[in-house]
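Summary of the model geometry
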Number of protein chains: 4
Amino acid sequence: MTRVAVVGATGYAGAELVRILAGHPQVELTALTSRQYAGVPFSRVFPAFETLVDQACEELDIERLAQRAAVVFTALPHKLPMGIVPRLLDAGLRVIDLSADFRFQDRTLYERHYQPHTAPELLPGAVYGLSEVYTTQIRQSRLVGNPGCYPTSVLLPLVPLLRAGVVDGQGLIADSKSGVSGAGRAATLTTHFCEVHESFKAYKVGTHRHTPEIEQILSREAGRDIALSFVPHLVPMSRGMLTTLYARLAADADPAAVAACLERAYAGRPFIRLCGSAGRLPDTRYVRGTNCCDIGWRFDSRNRQLVLLSAIDNLVKGAAGQAVQNMNLMLGLDEATGLRPVPGAL
Amino acid sequence: MTRVAVVGATGYAGAELVRILAGHPQVELTALTSRQYAGVPFSRVFPAFETLVDQACEELDIERLAQRAAVVFTALPHKLPMGIVPRLLDAGLRVIDLSADFRFQDRTLYERHYQPHTAPELLPGAVYGLSEVYTTQIRQSRLVGNPGCYPTSVLLPLVPLLRAGVVDGQGLIADSKSGVSGAGRAATLTTHFCEVHESFKAYKVGTHRHTPEIEQILSREAGRDIALSFVPHLVPMSRGMLTTLYARLAADADPAAVAACLERAYAGRPFIRLCGSAGRLPDTRYVRGTNCCDIGWRFDSRNRQLVLLSAIDNLVKGAAGQAVQNMNLMLGLDEATGLRPVPGAL
Amino acid sequence: MTRVAVVGATGYAGAELVRILAGHPQVELTALTSRQYAGVPFSRVFPAFETLVDQACEELDIERLAQRAAVVFTALPHKLPMGIVPRLLDAGLRVIDLSADFRFQDRTLYERHYQPHTAPELLPGAVYGLSEVYTTQIRQSRLVGNPGCYPTSVLLPLVPLLRAGVVDGQGLIADSKSGVSGAGRAATLTTHFCEVHESFKAYKVGTHRHTPEIEQILSREAGRDIALSFVPHLVPMSRGMLTTLYARLAADADPAAVAACLERAYAGRPFIRLCGSAGRLPDTRYVRGTNCCDIGWRFDSRNRQLVLLSAIDNLVKGAAGQAVQNMNLMLGLDEATGLRPVPGAL
Amino acid sequence: MTRVAVVGATGYAGAELVRILAGHPQVELTALTSRQYAGVPFSRVFPAFETLVDQACEELDIERLAQRAAVVFTALPHKLPMGIVPRLLDAGLRVIDLSADFRFQDRTLYERHYQPHTAPELLPGAVYGLSEVYTTQIRQSRLVGNPGCYPTSVLLPLVPLLRAGVVDGQGLIADSKSGVSGAGRAATLTTHFCEVHESFKAYKVGTHRHTPEIEQILSREAGRDIALSFVPHLVPMSRGMLTTLYARLAADADPAAVAACLERAYAGRPFIRLCGSAGRLPDTRYVRGTNCCDIGWRFDSRNRQLVLLSAIDNLVKGAAGQAVQNMNLMLGLDEATGLRPVPGAL
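Residues numbered from 1 in each chain as written. Chains lettered and ligands numbered in written order. Predicted model: local features only at pLDDT ≥ 70, side-chain atom pairs only at ≥ 80, totals over all residues. Heavy atoms only, no water.

Turning our attention to the sheet that holds strand β1 (residues 2-7) of chain D. Residue and element names in this part refer to chain D. With respect to topology, 6 strands assemble into an open sheet ordered β2-β1-β3-β4-β6-β5, the strand pairing being parallel. In this open sheet, the two strands that pair with only one neighbour each are β2 (27-33) and β5 (127-128). In terms of strand pairing, strand β3 (residues 71-74) meets strand β4 (residues 94-97) through 4 bridges, oriented parallel. By the bridge assignment for β4, V71 is matched with R94. (Pairing = 2+ DSSP bridges. Helix = DSSP H or I, 4+ residues; strand = E, 2+ residues; numbered from the N terminus.)

This is the structure:
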């Protein structure tokens, strides 16, 4: 049993980590921290956990934490982790950070979109935790920068195709749609029920901070600069993310190469479900509560446009689930350990 | 490993049985029947199950079924089970029926509200599967009539109080609210998204067929005829049921007796969570996807009115979860086996 | 054309007042005040109003307001109106206040549930604005305390029956269900989309401040003290309120008296739609966006229990619509003026 | 007063026509037909209309209709109108057809995607009812083929830009999202509340029949063949449609030309609200219940990609509202007559 702690356990991603880890057969949840709810039983904050996770939340105390955990998940707003993670690593722990603080290898890129980085020396060694893509590196890492939800949904379909040259990197478009939990648990007018219900809209068109995160990986994998047109939208539902990608098939590629390439890339990976070019289309409902990423595609021969569709649960494969998958890899466990409860039809 | 089958696996209750049984450590799912989808992989009907439950649905063939299962769940519309269950029992199987066909001990009561009963000889031996109330009888039974969702939500708070004489049986009111999945998976105007969304309404006021089912048990436990005013309502959500009960405290009872009585009745039972007279109030969100029944209460001394509130997931404690709990009891397993995956905060 | 102003125009009730008044043929909207959005065009706060109501919100300035309006609607949180209304009345204006500040004739009752009243001298002259019940008094009033949404939904079905002695005042129960807009536009965890969606729950059981407001009117009309068991619930929808009332038929009353009494009380009133004892049941969807109150009922002869159901739009008949209806009465207009746009089927 | 009839009044588009026409100051609704509900009061089918539209639905009888109406709206499934419209025209009536039957000038295009056309002689004279684009032709027409909802949302932003050569017709992408009412009122598994709730998905990728309808107009206006990649998605809400368009700016065009071009094209048109390149983004909530089309845009200079966003209410500007706007044009009325009730903030 590995002892693990969740720092920032009472946001939505933190609570989802607790849900998954509480059912994980190889770990023991030794500490849950929360500034706002220190001293309050976790199940008082989230009554769904009553009788299941009743331990009290606590203030973050790095010394004490280091004695009680071997792996720490940090689920905090951007900027806070870079003040904490160095000390956790110094104490010999492994860290999976769910913020943007350790997702960028290029410090200046991070600083252009976020703020000055106070632990830049860690960036080269941090691994971008896209589990199916950087599996080997994650296995050997001590610090994982866990991907954002939008990047996960965009990169999983695209990376293998770009690597293999099946799609052209020009004119890439990602039209993404996210449930409201992606905005976090903070009470804002934007997440007010009456403002979301019977509403569908785009936001931060062309300016969302996940754009540089995605482009960094796309460019690295394509071996040249890739510019993505990224438009996120808000869906009146709690969980789920669907991304519709538009990519041009490479001039010399055969449409059949899409299936072949994706099948090869994801063979044996339990959480990638390929729906094919003629099969069902991904639906967020089918991945709700699971760590799966469903990928479907259609080819429009009239304009050589490839339409790729991916569905994930933004809180699971888009956050907590992928984080636990990364932990499994780091610990040498089967990557699916603790991540296979059967989801519901509803 | 006990071999189990689900007859009628592609309705919402059936699919929920599959979800729970697929994750149950002591059973093997050997057969899923569906008239509509015979020959189709279960995961084609419910893509959420892809890679998890891919076996094909099949036509019901009782002889073959009897050779492949020791326990059968029948999740069919009323009337069909009474044609099937006798033959399953004859073949030596144990049966948990989720319809109304085996919930009534009094044949005439059933026939007044449903139709002529074609297997009345089985009624005296069938046990009403309210797990926490008829535990001993369920353990010894071969045929369980699994309770309806509304009856479960009404009876769990009321039965102990009526048995102990803490509440008066006069003027009982159950104001219940159910999510839409309670109406089943059939496509009707009533369940059309646009007809339900931004709608809240009562239906079948005073005429719902769960009324005689509830009154049968209340009367049995109170030792005299109990008439209930029962008003069901439809809530624009998929899962969940909240019942608000209004009961008068018995003339000689102390309000503190409510807590004492419920605590005694449900001590050690993992799925009943008592919220107390001053604690949090039940919320369907807190029991979503779980087999829990949360019970809270408030006492209004001005008119000696006791308000009891219960929340369940109509598809779990109100159907498939309680059915599996009953199977656990019948098989001598811990009643919570396979029923404790941690639910989400959302 | 009467010049009217809305003080507190950017809450949900305020915005609904603006919607209705902007389409009212006999009034001119001369001023919209908002502390938070002073200087901002109303249509920037609520883009739905773009091209329709583009005038800027302004700080409240009572002197200036008095010169520009003959009628003022105050849609502010409790406590603020009692500091403003006396000065508006002194300036010769008529006021319809949507808070609780002028709903109670008995100052001590108000003070027990809210705070010290700083304009108690106005209470005896203020009229409780339940349009169909206090029509004559409203016509002659200069200050109307507009009813709360829950009180409106409870009182419209009950008052005529209590006045006529058709129902017994004992053991009255109101089980009410409200959409989320009733909680206002402030961003709180309670109104966060993810906390409301797939959730149904009761709140403030037996302690909601609308209870004394309702009991005050019931007691006045029944001529004796009436205690109500009132349980409000939150429904995952934006607009709408359904109340299910349980009342005992008076010992000497005939069930047919219910219909006769309600028909007599509401003859000729355009916004009360009686659904009868056998007809359709009220549904919040059918009154969405309208000033209607639909009332249905069923009688359970086994325990002489009368079940009454009422549906309103909490923002219209439960707030802004009734306020405009009251203004119409005060101005000697047809009470339905400006309140009859045809609602949608959805 | 012009006498108008609605043929097929009990589908969602039909009911929306009734809503709008019942409040229209220049028309009298003389007949509502419905095969399913013949003889039933319209307000029994849609109780929201009680006291407002109580007239009975009737079987379609063309002779009788011709005597009672000067304008007929046909809101029927594709194929039925082409059997009816010729006779209505012969009787001297004007017709606005909401199906696809009269949207195509090219018979073979219609027949490739629908079925054999039985009234092809009418196609050359039918006008495509995109009100702001074909205003002059609509004014003079006797038969209007009212546009589909998706085409309306795609064409209103694109047509002026294509006409003016501001955008390149190559690589056009329309990623559209529709509320559930677009699927109609028929009860199907696809529109079952539980299948839609917490679900977001694409459907008919590249195969939706609105694609040829859109391409026909785009090609006509661009003066050359335009191929569009069109992907429709289903949003868990009742009403509303948002389309995100991706177009490449023409090689010689300045980004500022977008605003200039759209402002010129839609100057003085009451229902087009341009949000600009830096202002708010369109949201379906802001156009709910209205005939408005809100259009916003952002330019990504890195890849010369123009992102255009449009929001409409699929039942109003996408169906019934535009139909009434077309009627207004045909009758020589102000195009906004009867279409300006103020919408709500919610």
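Having seen the structure, we can now continue with the description.
Looking at where B:F193 falls in the secondary structure, it is placed in helix α8 (residues 193-196). C-alpha separation for the pair B:F193 and B:I96, spaced 97 residues apart in sequence, amounts to 32 Å. Excluding residues within four positions of it along the chain, B:F193 makes contact with D:V180, D:T191, D:H192, D:F193, D:V196, D:H197, D:P236, D:M237 and D:S238. (Contact = heavy atoms within 4.5 Å.)

We now examine the relation of the copies chain D and chain C. Superposition record for chain D on chain C: RMSD 0.0 Å, screw rotation 180°, translation along axis 0.0 Å. The relationship between the two copies is best expressed as a two-fold rotation axis. Taking C-alpha positions as reference, the residue of chain D nearest the rotation axis is D:P341, located at 3.6 Å. With an isologous cut-off of 70% or more, the 100% of interface residues of chain D that recur at the interface of chain C puts this contact in the isologous class. (Least-squares fit on C-alpha atoms with pLDDT ≥ 70 in both.)

A few words now on the interface of chain D and chain C. Taken together, the contact between chain D and chain C spans 27 residues of the former and 27 residues of the latter. Taken together, the two surfaces of chain D and chain C that pack against each other cover about 2800 Å², and 63% of this comes from carbon and sulfur. Where chain D touches chain C, the interface holds 2 salt bridges. The residue D:R280 makes a salt bridge to C:E50 at a minimum N-O spacing of 2.8 Å. The interface formed by chain D and chain C holds 11 residue pairs in polar contact (both at pLDDT 80 or more) in total. It is helix α1 (residues 12-22) of chain D that contributes the most residues to the side of chain D that touches chain C, 4 residues altogether. Tallied by class, residues from the side of chain D that touches chain C come to 14 nonpolar, 5 polar and 8 charged. (Buried area = accessible area lost by both parts, 1.4 Å probe. Salt bridge = Lys/Arg side-chain N within 4 Å of Asp/Glu carboxyl O. Polar contact = N/O pair within 3.5 Å; in protein donor to acceptor, adjacent residues only side chain to side chain. Nonpolar A, V, L, I, M, F, W, Y, C, P; charged D, E, K, R; others polar.)

So, on to the sheet that holds strand β11 (residues 272-276) of chain C. Residue and element names in this part refer to chain C. With mixed pairing, 7 strands are arranged side by side in an open sheet as β8-β9-β7-β10-β13-β12-β11. Among the strands making up the open sheet, the edge pair consists of β8 (201-202) and β11. Both strand β10 (residues 241-248) and strand β13 (residues 305-312) contribute to a ladder of 8 bridges, which runs antiparallel. The residue of β13 that forms the bridge with T244 is L309. Sheet strands touched by helix α7 (residues 149-163): β7 (172-178), β9 (228-234), β10, β11, β12 (293-300) and β13. Its angle to β13, the strand with the most contacts, is close to 135°. Set on the sheet, helix α9 (residues 210-222) makes contact with β7 and β9; between it and β9 the angle comes to about 140°. (Axes fitted to C-alpha atoms, helices over the stretch in contact; angles between N-to-C directions.)

For the structure shown, the criterion picks out 38 aromatic pairs over all chains. Ring centres of C:F42 and C:F46 lie 5.3 Å apart, and the angle between their planes is 50°; on these two criteria the pair is classed as tilted. Residue C:F42 shares its accessibility class with C:F46, and that shared class is buried. Ring plane angle 65° and centroid distance 6.0 Å describe the contact between D:F104 and D:Y110, whose orientation is recorded as edge-to-face. (Phe/Tyr/Trp six-rings, centres within 6.5 Å; stacked < 30°, edge-to-face > 60°. Buried < 20%, exposed > 50% of the residue type's maximum accessible area, 1.4 Å probe, protein only.)

So, on to the interface of chain A and chain D. Taken together, the contact pairs 45 residues of chain A with 45 residues of chain D. Buried surface at the junction of chain A and chain D, both sides included, amounts to about 3600 Å², of which 54% is carbon and sulfur. Considering only the side of chain A, the residues that lose the most area to chain D are A:E198, A:F200 and A:R285, jointly responsible for 20% of the buried surface there. Counting every contact that joins chain A to chain D gives 9 salt bridges. One salt bridge in this structure joins D:R288 and A:E198, with 2.9 Å as the shortest N-O distance. Taken together, the links from chain A to chain D amount to 26 residue pairs in polar contact (both at pLDDT 80 or more). Looking at the side of chain A that touches chain D residue by residue, the classes come out as 20 nonpolar, 10 polar and 15 charged.

In short, shape yes, function no, at least from these values alone.
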